[in-house]
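Inside the fold
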Protein chains: 2
Amino acid sequence: MTKVTIRHVAEEAGVAVKTVSRVVNGEPNVTRDLRDRVERAVEKLGYVPSMAARRMGGSRSYMLVALNDRRNTINNWQSGRGNDWIDQMLHGAMLMCESHGYRMLFELVDAASQDLDRRVVAILSALQPDGLILTPPHSQNEALVQMLLRRNVPVVRMGVPGHGLGVGVHMDDRAAAFEATCHLIDLGHRRIGFIAGSERFAASEARRRGYLDALAQGGLARDESLEAPGDFTFESGLEAASTLLSRDTPPTAILASNDEMALAVLHAAPRFGKTVPGDLSVISFDDTPGIRLSVPALTSIRQPISEMASRAAELLIAASRDGPVEAKDHILPFGLIVRGSTAPPAA
Amino acid sequence: MTKVTIRHVAEEAGVAVKTVSRVVNGEPNVTRDLRDRVERAVEKLGYVPSMAARRMGGSRSYMLVALNDRRNTINNWQSGRGNDWIDQMLHGAMLMCESHGYRMLFELVDAASQDLDRRVVAILSALQPDGLILTPPHSQNEALVQMLLRRNVPVVRMGVPGHGLGVGVHMDDRAAAFEATCHLIDLGHRRIGFIAGSERFAASEARRRGYLDALAQGGLARDESLEAPGDFTFESGLEAASTLLSRDTPPTAILASNDEMALAVLHAAPRFGKTVPGDLSVISFDDTPGIRLSVPALTSIRQPISEMASRAAELLIAASRDGPVEAKDHILPFGLIVRGSTAPPAA
DNA sequence: CTGAAAGCGCTAACAC
DNA sequence: GTGTTAGCGCTTTCAG
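These numbers were taken from a predicted model, which means no experiment stands behind them.

Regarding the protein's contact with DNA strand D
In the neighbourhood of DNA strand D, 27 residues make up the surrounding shell, with Ile6 and Lys18 of chain A together with Thr19, Thr31 and Met56 of chain B lying closest. Taken together, the sugar and phosphate atoms account for 64% of what DNA strand D places within 4 Å of the protein. Between DNA strand D and the protein, one listed contact pairs a phosphate oxygen with a side-chain N or O atom of Tyr47 of chain A at 2.7 Å. Here a phosphate oxygen of DNA strand D and a backbone polar atom of Ala16 of chain B are 3.1 Å apart. Here the surface near DNA strand D takes four residues from helix α4 (residues 51-57) of chain A, the largest share from any one element. Classifying every residue of the surface near DNA strand D gives 11 nonpolar, 11 polar and five charged.

Description of empty space enclosed by the protein
Per the counting criterion, the structure on display carries two cavities of 30 Å³ or more. Empty space within the largest cavity amounts to approximately 200 Å³. Forming the walls of the largest cavity are 15 residues, and the residues nearest its centre are Met51 and Ala52 of chain A together with Met51, Ala52 and Met63 of chain B. Classifying every residue of the lining of the largest cavity gives 11 nonpolar, two polar and two charged. Looking at the second largest cavity, its volume works out to about 60 Å³. Along the walls of the second largest cavity sit Leu90, Met94, Met104, Leu105 and Phe106 of chain A together with Leu90, Met94, Met104, Leu105 and Phe106 of chain B, which together make up its complete lining. Those elements giving two or more residues to the lining of the second largest cavity turn out to be α6 (84-99) and β2 (103-109) of chain A together with α6 (84-99) and β2 (103-109) of chain B.

Brief notes about the relation of the copies chain B and chain A
Once turned by 180° and shifted 0.0 Å along the axis, chain B lies on chain A with an RMSD of 0.1 Å. Considering both components of the superposition, the chain copies are consistent with a two-fold axis. Looking at chain B, 100% of its interface residues are interface residues in chain A too, so the copies touch through the same face.

Re the UniProt feature "domain: HTH lacI-type" (unreviewed entry) in chain A
In the numbering adopted here, UniProt assigns the feature "domain: HTH lacI-type" (unreviewed entry) to residues 4-58 of chain A. The annotated region residues 4-58 of chain A carries 67% helix and 0% strand content, and the separation between its end C-alpha atoms amounts to 19 Å.

With respect to the domain arrangement of chain A
Residue and element names in this part refer to chain A. For chain A, the domain assignment lists domain 1 (6-55), domain 2 (63-171 + 305-333) and domain 3 (173-303). Look at where the C-alpha atoms of domain 2 and domain 3 centre, and you get two points 29 Å apart. Counting from both sides, the interface comprises 16 residues of domain 2 and, opposite them, 14 residues of domain 3. Regarding the contact of domain 2 and domain 3, the summed buried area is about 1100 Å², with carbon and sulfur atoms giving 47% of it. If you sort the residues of domain 2 by the area they bury against domain 3, Asp84, Gln140 and Met171 come out on top, with a joint share of 45%. Taking the shortest distance from any N to any O, the salt bridge between Asp69 and Arg200 comes out at 3.9 Å. Breaking the side of domain 2 that touches domain 3 down by element, the ones donating at least two residues are α5 (70-78), α6 and α13 (305-322). Among the elements that take part in the side of domain 2 that touches domain 3, α13 stands out by supplying four residues, more than any other.

Structural notes on the side chain of His91 of chain B
Within the element layout of this structure, His91 of chain B appears in helix α6. Not counting residues up to four positions away in its chain, the partners in contact with His91 of chain B are Ile74, Trp77 and Gln78 of chain A together with Ser306 of chain B.

A short note on the packing of helix α9 (residues 173-187) of chain B against helix α10 (residues 202-217) of chain B
All names here are of chain B. Interhelical geometry of α9 versus α10 gives an angle of 40° and a closest axis separation of 7 Å. Comparing their axes, α10 and α9 come out oblique. Our pair here, α9 against α10, has a crossing hand that is right-handed. Between α9 and α10, the residues in contact are Asp173, Arg174, Ala177, Phe178, Thr181, Cys182 and Ile185 and Ala203, Ala206, Arg207, Arg209, Gly210, Tyr211, Asp213, Ala214, Leu215 and Gln217, respectively. By residue class, the composition of the contact of α9 with α10 is nine nonpolar, three polar and five charged.

Some thoughts on the sheet that holds strand β10 (residues 299-302) of chain A
Residue and element names in this part refer to chain A. One open sheet holds the six strands; their spatial order is β7-β6-β8-β9-β10-β12, and the pairing between them is mixed. Of all the strands in the sheet, the pair left with one neighbour each is β7 (227-228) and β12 (335-337). Of the strands in this sheet, β6 (192-195), β8 (253-256), β9 (281-286), β10 and β12 touch helix α9 (residues 173-187), which is tilted by about 165° from β9.

A word on the pattern of salt bridges
All names here are of chain A. Counted by the stated rule, this structure contains 44 salt bridges over all chains. Across the pair Glu307 and Arg302 runs a salt bridge whose closest N-O atoms are separated by 3.4 Å. Among the residues examined, Arg302 registers a relative accessible area of 28% and is labelled partly exposed. Among the charged side chains, a network of salt bridges with common partners joins Glu205, Arg208, Arg209, Arg222 and Glu227.

What counts and how
- Residues numbered from 1 in each chain as written.
- Chains lettered and ligands numbered in written order.
- Predicted model: local features only at pLDDT ≥ 70, side-chain atom pairs only at ≥ 80, totals over all residues.
- Heavy atoms only, no water.
- Near = heavy atom within 4 Å.
- Polar contact = N/O pair within 3.5 Å; in protein donor to acceptor, adjacent residues only side chain to side chain.
- Helix = DSSP H or I, 4+ residues; strand = E, 2+ residues; numbered from the N terminus.
- Nonpolar A, V, L, I, M, F, W, Y, C, P; charged D, E, K, R; others polar.
- 1 Å grid on protein atoms, 1.4 Å probe; cavity = no way out; pocket = protein on both sides within 12 Å on 5 of 7 lines; lining within 4 Å.
- Points joined across faces, edges and corners; volume = space filled by probe spheres on them.
- Least-squares fit on C-alpha atoms with pLDDT ≥ 70 in both.
- Contact = heavy atoms within 4.5 Å.
- UniProt positions renumbered as here; feature names shortened; annotations may be inferred.
- Domains from an automatic or database assignment.
- Buried area = accessible area lost by both parts, 1.4 Å probe.
- Salt bridge = Lys/Arg side-chain N within 4 Å of Asp/Glu carboxyl O.
- Axes fitted to C-alpha atoms, helices over the stretch in contact; angles between N-to-C directions.
- Parallel < 35°, antiparallel > 145°, perpendicular 65-115°, else oblique.
- Left-handed = near helix turned anticlockwise from the far one by under 90°.
- Pairing = 2+ DSSP bridges.
- Buried < 20%, exposed > 50% of the residue type's maximum accessible area, 1.4 Å probe, protein only.

Set out below in structure tokens:
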């Protein structure tokens, strides 16, 4: 447990502490010879700089913090429903951090908290990260983002457009809903239902827009009675499905704003004498792990979560070296994964 | 962005820095009056101690590291299959850490790595955590644990018994397999198949033992041709199912060592003209999120992952205050979740 | 190109 | 009870 410090390396190599520091951090102005000697000493002693000391001495902490909604996250964990967003975010961000010698710390703060700002500032004070990744719904909290920007905290907003307020890394939800709806129209559907997502999330409105865009382009009149509200829960999906399917002229296809609600449609369909995809096609958003196992497996829009997280981390790490991130949006491609829940309407 | 340090608080309250430190850390020997003054100053200034500085000055880092297998974890992420173990581990450990003012850092190291020890030591050197949570397969690597213990790193081994080598937090896999098998026997099954898990994991052998225990207690002779090997993958489950179901006298029930392989049995059954649970009952291990969605939903043994992680964190945090953790095992209760995949055998 | 010295914000040890 | 001092291991600044 004898700790190896930079001083030990310096002695071993017969150089000054600062020289070791230069070598370890890849700084210029070291002769080949000294560099070799230091590297050999580092190797021999198994030296690894202490993160804490680096933070104390220098201006960087080699750490990024990702902020997630506490309630949502814990709910997902507790219900045993899994947590695809968290998984994919870790996937993307951790690996990117790793490849740059950074660490990713993942923190939970309740988005509905009264003293949200205070809590976030407390995290920043304690951790002093080199950057902050905000996920929905935090990432759409303009007041929060503004406060952070005012404090010069490097921030990337994930899952939403930055609209000039900081940098955003996201997919085009509107285009995705458009493409999903077009897929249904191409199959021959004319009455296409839509189950909206929670208004707490900006993506919900974008998805509705995309749905309407596609109707318009397909020459189909908007029928508001084909649009049902939802809040991303299974229960709300059940209710929306009942509303839509009990109409006199029910839709032959439904676009649900997330997987959970689409699964609810699958669940509700038999009660209305509908088989999927025979009598009813279903498309969902998110492509979470479970939907491969449903019967039928769901056709779904895949969000590039790990890619967004990876990009977010990359931008922040670059910024910690080269100065402020440019306040622009990075739009990453989504995918339409066609599985068994979509088919032409019954003749 | 003006950083608030302990010195600012000391000035504001008109006391010495050490007094602030005492108050913030809940140490004794401070009068009511001074304590109040300091607390008010802390509140007013929004002071939060810097983790890095705490680590530098003191003997604690207020941080725990959880070590997971890199390959497994990344595979699960990439395949979009979800990662229940990681989710539940974070759930348990993070919340426990949070409630004690600790942080949880989650690290990936390839268990098959040639220089595993070196990599782990590098993590410890960089982070200097107050404790290390080992998960399978790292937690069963005796050499690794021994190295860690030699270096006086506080360690908790998750998912496996400690056998006196450090502290273990786990469930009783043997008893769980026993109970699952008994459930099948109680339903009236006499020919019960078993699909083993990968030998890389110690739990696999324990599960086989439990299966055999139950057969013995139920007065059923062991029939080795009812035991098929597996490695926790869907493919291996498919192969095992084929082997078992193509016998002249196929089993009427199968106990699979994890969900993935059980889902494979569900998938294979129709090919052999079997319906589940009519002709074939299936029980699995792990109770991951997806199996609620399979048809039928799987009866499964639930591992108390979040509880184990929570306990592990608790032990480590206690140890960082009160000295070494006692080298004993903590056995947490599992659950048998009965769903739709088990029923009495066809008459 | 290299090195010496001065902190970073905190706590441990010790004095008062 | 309370305050003072001396580091922790690094990087920053500034001399050489």
